[in-house]
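# Structure at a glance
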Amino acid sequence: MAHEASIPGIREFFAARADTWDSKYPDDSPRYAAAIAELGPLEGAFVLDAGCGTGRALSLLKAAVGKTGTVLGVDVTPEMLRRAAAHAADARVVLADCQRLPLPDATADVVFAAGLVNHLPDPAAGLRELARVTRPGGRLVLFHAIGRAVLAARHNRALTPDDLRAEPNLRPLLAANGWHMNAYTDTDNRYLVIATKQGQ
């Protein structure tokens, strides 16, 4: 499961796409809303949107946590974060690396990560850092508005057995880095993994 991503490379990739990202994928937003609705009551929760990109989930998450909850969007690409700030509602956005988050231990109730894990330079380190900032029993939500096969086809690639988002690869990766996988869905219309932070 080789990964060639680097923080400068990630910034360069997404900076060039920030202005057209939302208009290029207009059908994704209802799928974000459906996934967040399925998480159940989030009133009063602290939700971290890790790798928030242009902030598509921020207003939806803020509506879910209500006035007493907190939503923090974090992204490593300034151009994406500027787009996110424009429709963040009452959520806050911060420029930061998801592998070195500016948060104390056990802060988040839920980490929402859309399209993040495959862009982490070191997925294991990233998952450990997300676990560090999540309270025991808190949830990690890995989401994409389309499934792995459709995404691969969109990029003219074939799915390979070493794809870390495949369940046989992701389940042990999560387990080794502080998470227990509870649910795994990979259909044409969505990729959704829900995991729980291990420990007391």
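Scroll up to find the structure this text is about.
The numbers attached to residues start from 1 for each chain and follow its sequence in the written order. Local features in this predicted model are restricted to residues whose pLDDT is 70 or higher, and side-chain atom pairs enter the listing and the counts only when it is 80 or higher, whereas totals over whole chains, interfaces and linings include all residues. Derived side-chain values reflect all non-hydrogen atoms in the structure, with water molecules and hydrogen atoms excluded from consideration.

## Quick notes on the pairing of strand β5 (residues 134–144)
Strands qualify as paired when DSSP identifies two bridges or more between them. Secondary structure is summarised from DSSP: a helix means a run of H or I of at least four residues, a strand means a run of E of at least two, and numbering begins at the N terminus for each. Summarising the sheet, strand β4 (residues 108–114) and β5 pair through 6 bridges and their orientation is parallel. Note on β5: the bridge partner recorded for V111 is L140. The crossover handedness rule: strands pointing away from the viewer, path from first strand over the helix to second strand clockwise, crossover right-handed. In terms of handedness, the path from β4 via helix α6 (residues 123–132) over to β5 forms a crossover that is right-handed. As paired elements, β5 and strand β7 (residues 190–197) share 6 bridges and run antiparallel to each other. Residue pairing for β7: F143 is matched across the bridge by L192.

## Side note on the pattern of salt bridges
Put simply, a salt bridge is a Lys or Arg side-chain nitrogen that is within 4 Å of an Asp or Glu carboxyl oxygen. Tallied over the full model, the rule gives 9 salt bridges. D105 is the partner of R132 in a salt bridge, and the nearest nitrogen-oxygen pair spans 2.7 Å. Note that R132 is positioned in helix α6 and D105 in the loop between β3 (92–95) and β4, a separation of 27 residues in sequence. D163 is the salt-bridge partner of R165, the closest N and O atoms lying 3.2 Å from each other. Considered together, R165 and D163 belong to a single accessibility category, that of buried residues. Shared partners join several salt bridges into a network, and the residues in it are R148, D163, R165 and D186. A simple rule labels every residue: compare its accessible area, found with a 1.4 Å probe on the protein chains alone, to the largest value its type can have, and call it buried under 20%, exposed over 50%, or partly exposed in between.

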